[in-house]
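Below, each chain spelled out in residue letters.
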Amino acid sequence: MNYRHAYHAGNHADVLKHIGLTRVIEHMKKKDKPFRVIDAHGGIGIYDLAGIEAGKTGEWEGGIAKLAEPLSSDVEALIAPYRKVLHDLNPGGGLRFYPGSPELALRLMRGNDRLIANELHPEDAVLLERHLMRDGRARVTSVDADVCIKANLPPPERRGVILIDPPYEAKTETERALRMLKHGLRRFAQGVFMLWYPLKKDPVGEVLTSGAQAMGVAATLKVELRVREAFAGGGLAGSGLLILNTPWQLDQDLRLIVPALAERLGLGTWGHATIDWLVPPV
């Protein structure tokens, strides 16, 4: 396990994933009943964009840095909770600290909601635990992502969001990601599952999309953001989210947000957004 997210924090893929997670949590909060967030690939919690790792890649400059100027008013109204987290992490203005998904979730959750943040990398798991240890709503584990999902579903609250965000470094991770979805749904059929995936010049996106569609879960949504052309050896050209058991009207939010992100983050004319039902709501 060599992947360290600090090199990629705040890039265009993070922007899509975290705004998507924000909107899911905001929809979950519309009901009074508590819910649980299970983050299977948690990272370290907060990232320093002025740090060595972020400085080596500069990926955040093609992501969150491009959102310094506001988008349209209707989009800004939807991403306001995400903006607030960024502001609260950088109270002096500017942009230095960027939230990972556990930090973002905790700042959006209510007092009776709970978080399980899992991180397999031993050094990052220690950093994550140190960061979250003062918040009684959070618990940190350091096991394989599939073990985390099996061990924590169904949650006691019977409402939950499960974020699966593998690095896709190994060839087997695409198959593992689909297996995690299947096993998770068997244990918690009504859970909101979010699976992030990269868009490169390879079939990962198509394989995951086809596999998720074949599961036949009502309200399975595909959301993709492409920022440039994909070509062999060209790295990350965009990313996607598969959302199963999509909260009601979340698709409408994303149909406003993601095209605006594509226009702002895309290189030249390459910015492109796709929001499609793989399996429509019942």
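You'll find the structure just up there.
What comes next is a walk through the structure.

Thresholds applied
Numbers given to residues run from 1 along each chain, matching the order in which its sequence is written. Local features in this predicted model are restricted to residues whose pLDDT is 70 or higher, and side-chain atom pairs enter the listing and the counts only when it is 80 or higher, whereas totals over whole chains, interfaces and linings include all residues. Values shown for side chains rest on all heavy atoms present in the structure; no hydrogens or waters enter the calculation. Using a 1.4 Å probe on the protein chains alone, a residue whose accessible area is under 20% of its type maximum counts as buried, one over 50% counts as exposed, and one in between counts as partly exposed. Secondary structure elements follow DSSP: runs of H or I of four or more residues count as helices, runs of E of two or more count as strands, with numbering from the N terminus. Pairing between strands is defined by DSSP: at least two bridges between the two strands are required. Between N-to-C directions, angles span 0 to 180 degrees; the directions come from axes that are lines fitted to C-alpha atoms, helices contributing only their stretch in contact. Working definition: roughly parallel below 35 degrees, roughly antiparallel above 145 degrees, roughly perpendicular at 65 to 115 degrees, and oblique for all remaining angles. What makes two residues a contact is simply this: any of their non-hydrogen atoms within 4.5 Å. Classification used: nonpolar for Ala, Val, Leu, Ile, Met, Phe, Trp, Tyr, Cys and Pro, charged for Asp, Glu, Lys and Arg, polar for all others including Gly.

1. So, helix H4 (residues 101-108)
Note: α-helices contain 3.6 residues per turn, so residues at a spacing of three or four share the same orientation. Buried residues dominate H4, accounting for seven of its eight residues. Restricting attention to buried positions, one finds in H4 the residues Ser101, Pro102, Glu103, Leu104, Ala105, Leu106 and Leu108.

2. Remarks on the sheet that holds strand S9 (residues 238-244)
Spatially, S5-S4-S1-S6-S7-S9-S8-S10 is the arrangement adopted by the eight strands of the open sheet, whose pairing is mixed. Edge positions in the sheet fall to strand S5 (138-141) and strand S10 (272-279), since each of these pairs with one other strand and no more. Averaged over all neighbouring strand pairs, the angle between strand axes comes to 15°, with direction disregarded. Where strand S4 (residues 114-118) and S5 come together, four bridges link them in parallel fashion. Counterpart to Leu115 in the pairing with S5 is Ala138.

3. What about the packing of helix H3 (residues 73-89) against helix H9 (residues 250-265)?
Packing of H3 against H9 brings their axes to within 10 Å, and their N-to-C directions diverge by 110°. If you check the angle between H3 and H9, you find them roughly perpendicular. The segment H3 lies against H9, with Asp74, Val75, Leu78 and Ile79 engaging Asp253, Leu256, Ile257 and Ala260. Grouping the constituent residues of the contact of H3 with H9 by class yields six nonpolar, no polar and two charged.

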